[in-house]
Amino acid sequence: MVLLEVAKHLELEDTQFGSRRERGCHDACAVLYEFLKANSGFCTALLSMDVEGGFDRIDMDLMADFLVARGCPIMFVSWIRHWAGQRRIRFSFNSGLSRMCHLSKGIPQGSLFRPFCSVYMWQIYFDRGFDIHLSLGRLLSVTWMTVELWWLANLH
Amino acid sequence: MFINLCIINVGASRGNRALVLDVFSYVDVVFVVDPPMDVHGDAIDGDVGDFVFVSSILGCDVHVFIRRSLLALFELVRLDKYGLVLGMFSGGVFRLIGGVYLRPKMLVADIQVALAAYKDCHIVVGDMNARHDRWGYVADVGGHNAQGTAVSRMLANMDFMVPSVATHDGVSVIDLCAFRWQPKRYRLSHRAGLPHAAQIIKNVVDTDRLLLAKPAYTKAKWDILQSDLEAIDPAAPDIWQQACTIVDSIPRKSHGRDRCRWWNDDLERMRDDTRRLRRISIKDPHRRQDYILARKVYRESVIQARYDNLMTLLATAKDPDIFRYVHSLDMSRTLPAMDNGRTWCHSREDISDLVAAQLDPVPGSPWTADYSDIWPSVEPHIDAAMAMSPGNTATSYEGMSYPFLRFWFRKSRASFIGCIEQAIRHGNKDWHQADVVLIRKAAKPRYDVVKGWHMIHLLPVMAKVTE
């Protein structure tokens, strides 16, 4: 319900596929193919980036700044910050529970906000209007990334 | 069904063991006393035919072999260096049969320790090297040896009876069978041509009662549940606590409790299908072949599951503490000792600290709710949110499920919305808590490091609907 309310104020672009309803891997491949077909004759490269444990360490102050920058109402930003904060978890393994552990960063794996944040954060990072160098620098300070670059000379 | 147990001393000979397993073709379980072992005390592989070797700790003086097709009927209860205890259902009661080997000239204190471990057994068999005229020892001088006196006292204290039949060269009873539960038949066989006679015990073995029992749960009384939910005041400040109290009162399926480790949902489904086919076949004889086939597949699956479980557990540990490990093992969901880069973490606290370190934990602080009180009503979105809720998922610590939420929503919409609006506007401390389960990542080279495991947060389902 909160997501439905927040989504009224934000827009996701058509090139965002991950963690969205009715937007699967095949749709992404089709768009990629169309893009390559339209740009045939140019050298082509594919950049693959994997953020390790990125959402376990999301700094909610940073996330709130991004949401405000995109025009999200302050009320919702404040609510999401409180929602993600003061988390307590117990680990369940080997037929038993561990002691309670308190967290101040990250979004729980299993929360509906998590895929939403992943889509939205990447959109912000690579949005043309945003300072890409600054945002990537801040991102790299809180996560580790695996980057792969593929030359796709004859993909199409 | 009737099964035959055989107990025989093979004098640490591999050939004698193979001979026994070959000669006693009608026997289903063989306790091999003084078995062949290598210099390290480990069992020696050999030709065991259709039998499965199910006991394995270093230096154990009794090995047990069970016919492969009957493995599901027995339970290996415990092992120590003197022997082992095998469990089985007979006449609806779980019976324990202990196999023990007391080497000659043992200290009395050691004998007492060894036999005390079998005080809960219904039958104790084995070679005790105990000579006593109470059970028919014929000697020139005296009527017993020191070991015989000690064993006699222990068995008398534990209220065991001992049949007096010669088992060694026709003059001495050193391979004792003491019982407090009369077997169907007890006899000796000298067919193996060994100095020791083979003791043969015939008895009835039943299928595990847990497999035959009805599911140990009762259905929820939905009419009472509905009246409880309708009684919640939508304006009350503690709607969530009231709902949790109602959830706690719902009877639960005892899934996993009292079940053996190899029992799983697939077997449960197969059992139910087989029973359904049986009912159908009674009404429609043309379906009888279907039922027979399903029953055969089900039985084979049970045997295979139990066999795989035993093999996996026993193959991983050859240690006197094997049963400590067995209790902590649970296949792919089990975390092994974890490598933190410098040393190994074995205890639950160390492993949980290591996993938690990946999430940058902080010291606990008092709960503060600083939510906005001007949040718009959730009424316009509630129907869409409930329609999009999944069929069912694992519950978190609070035990609330999606079906329960939908029931609550249908029967008491006002209190349901009131609970959500309270949490949105004032916060709910319980919704910030989660249980985290660890699941293996696919195709990782190492699972003894934290990065080989997914951390899945099981959040309260009502919090997810609210999100």
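Residues numbered from 1 in each chain as written. Chains lettered and ligands numbered in written order. Predicted model: local features only at pLDDT ≥ 70, side-chain atom pairs only at ≥ 80, totals over all residues.

Asker: Lay out the overall build of chain A in plain terms, naming residues and giving numbers.
Answerer: Within chain A one finds six helices and five strands. The linear arrangement of helices and strands in chain A, starting from the amino end, is α-α-β-α-α-β-β-β-α-α-β. For chain A, the residues scored as buried account for 19% of the 156 residues in total. Contacts in chain A between residues at least 24 apart in sequence constitute 70% of all its contacts with a sequence separation of at least 6. (Helix = DSSP H or I, 4+ residues; strand = E, 2+ residues; numbered from the N terminus. Buried ≥ 20, exposed ≤ 12 C-beta atoms within 10 Å, placed from the backbone. Contact = placed C-beta atoms within 7 Å.)

Asker: Before we move on, can you summarise the overall build of chain B with the specific residues and values?
Answerer: Across its full length, chain B carries 14 helices and 16 strands. Within chain B, buried positions represent 32% of all 467 residues. A fraction of 58% describes how many contacts in chain B between residues 6 or more apart in sequence connect residues 24 or more apart.

Asker: Summarise the sheet that holds strand β1 (residues 2-9) of chain B; cite the residues concerned and give the values.
Answerer: Residue and element names in this part refer to chain B. The six strands lie next to each other as β3-β4-β2-β1-β11-β10, forming an open sheet whose pairing is mixed. Both edges of this open sheet fall to β3 (51-53) and β10 (185-189), since each of them pairs with a single strand only. Neighbour to neighbour, the strand axes of the sheet diverge by 20 degrees on average, direction disregarded. Inspection of the sheet shows β1 paired to strand β2 (residues 29-33) by five bridges, in the parallel sense. For L5, the partnering residue across the bridge sits in β2 and is V29. Sheet strands in contact with helix α1 (residues 14-23) are β1, β2, β3, β4 (62-67) and β11 (198-204), and its direction is about 160 degrees off that of β2. (Pairing = 2+ DSSP bridges. Axes fitted to C-alpha atoms, helices over the stretch in contact; angles between N-to-C directions.)

Asker: Could you give an account of the environment of B:D360, naming the residues involved and the relevant values?
Answerer: Here B:D360 shows up in the loop between α10 (348-356) and β14 (361-362). Discounting residues that sit within four places of it in the chain, B:D360 has contacts with A:R57 and A:K105.

Asker: Give a description of the environment of B:W431 that names residues and reports values.
Answerer: Positionally, B:W431 belongs in the loop between α13 (413-426) and β15 (433-440). When the C-alpha atoms of B:W431 and B:P460 are compared, they prove to be 6.1 Å apart, with 29 residues separating the residues in sequence.

Asker: Any chance you could break down the packing of helix α3 (residues 60-69) of chain A against helix α4 (residues 74-84) of chain A for me, citing the residues and the numbers?
Answerer: Residues and elements named next belong to chain A. α4 packs onto α3 with a crossing angle of 160 degrees between their chain directions and a minimal axis gap of 10 Å. Between α3 and α4, the angle falls in the class roughly antiparallel. As α3 runs across α4, the sense of the crossing is right-handed. Across the interface between the two elements, M60, A64, L67 and V68 of α3 pack against V77, R81 and A84 of α4. Residue classes in the contact of α3 with α4 are distributed as six nonpolar, no polar and one charged. (Parallel < 35°, antiparallel > 145°, perpendicular 65-115°, else oblique. Left-handed = near helix turned anticlockwise from the far one by under 90°. Nonpolar A, V, L, I, M, F, W, Y, C, P; charged D, E, K, R; others polar.)

Asker: Could you give an account of the packing of helix α2 (residues 108-116) of chain B against helix α3 (residues 146-157) of chain B, naming the residues involved and the relevant values?
Answerer: Residue and element names in this part refer to chain B. Relative orientation of the contacting elements α2 and α3 amounts to 35 degrees, with a least axis distance of 10 Å. Regarding α2 and α3, the two cross each other, and that crossing is right-handed. The residues of α3 that touch α2, namely those facing V108, I111, Q112 and L115, are A146, Q147, A150, V151 and M154. Tallied by class, residues from the contact of α2 with α3 come to seven nonpolar, two polar and no charged.

Asker: Summarise the confidence of the model for chain B; cite the residues concerned and give the values.
Answerer: Residue and element names in this part refer to chain B. When pLDDT is averaged along chain B, the result is 79, and 84% of the positions lie at 70 or above. Put simply, helix α9 (residues 322-328) is where chain B has its lowest mean pLDDT, 51, and helix α12 (residues 402-411) is where it has its highest, 90. The ipTM, which scores confidence in the relative placement of chains, is 0.75 for this predicted complex, and the corresponding pTM is 0.52. (pLDDT = per-residue confidence, 0-100.)

Asker: Please provide a residue-by-residue account of α1(B), values included.
Answerer: All names here are of chain B. Among the residues making up α1, those that are buried are N16, R17, V20 and L21. Buried residues of α1, viewed axially, fall in a sector of 130 degrees; they line one side. Away from the buried face of α1 by more than 90 degrees, exposed residues G15 and D22 are located. Looking at the buried side of α1, the elements it contacts are β1, β2, β3, β4 and β11. (Arc of directions from axis to C-beta.)

Asker: Any chance you could break down helix α2 (residues 25-38) of chain A for me, citing the residues and the numbers?
Answerer: Helix length check: α2(A) (14 residues) gives 20 Å between terminal C-alpha atoms against 20 Å at 1.5 Å per residue, within 8%. By the criterion of burial, α2(A) is predominantly exposed, with just zero of the 14 residues buried. (Expected span 1.5 Å × (residues − 1).)

Asker: Help me get a handle on the interface of chain A and chain B, residues and values and all.
Answerer: Accessible area lost upon the coming together of the parts serves often as the stated size of an interface. With 37 residues of chain A at the interface, the matching set in chain B holds 43 residues. For the side of chain A that touches chain B, the secondary structure elements donating two or more residues are α1 (2-7), α4, β2 (87-93) and β4 (101-103) of chain A. Of all the elements, β2(A) adds the most residues to the side of chain A that touches chain B, at seven residues. Here the residues of the side of chain A that touches chain B sort into 14 nonpolar, 15 polar and eight charged.

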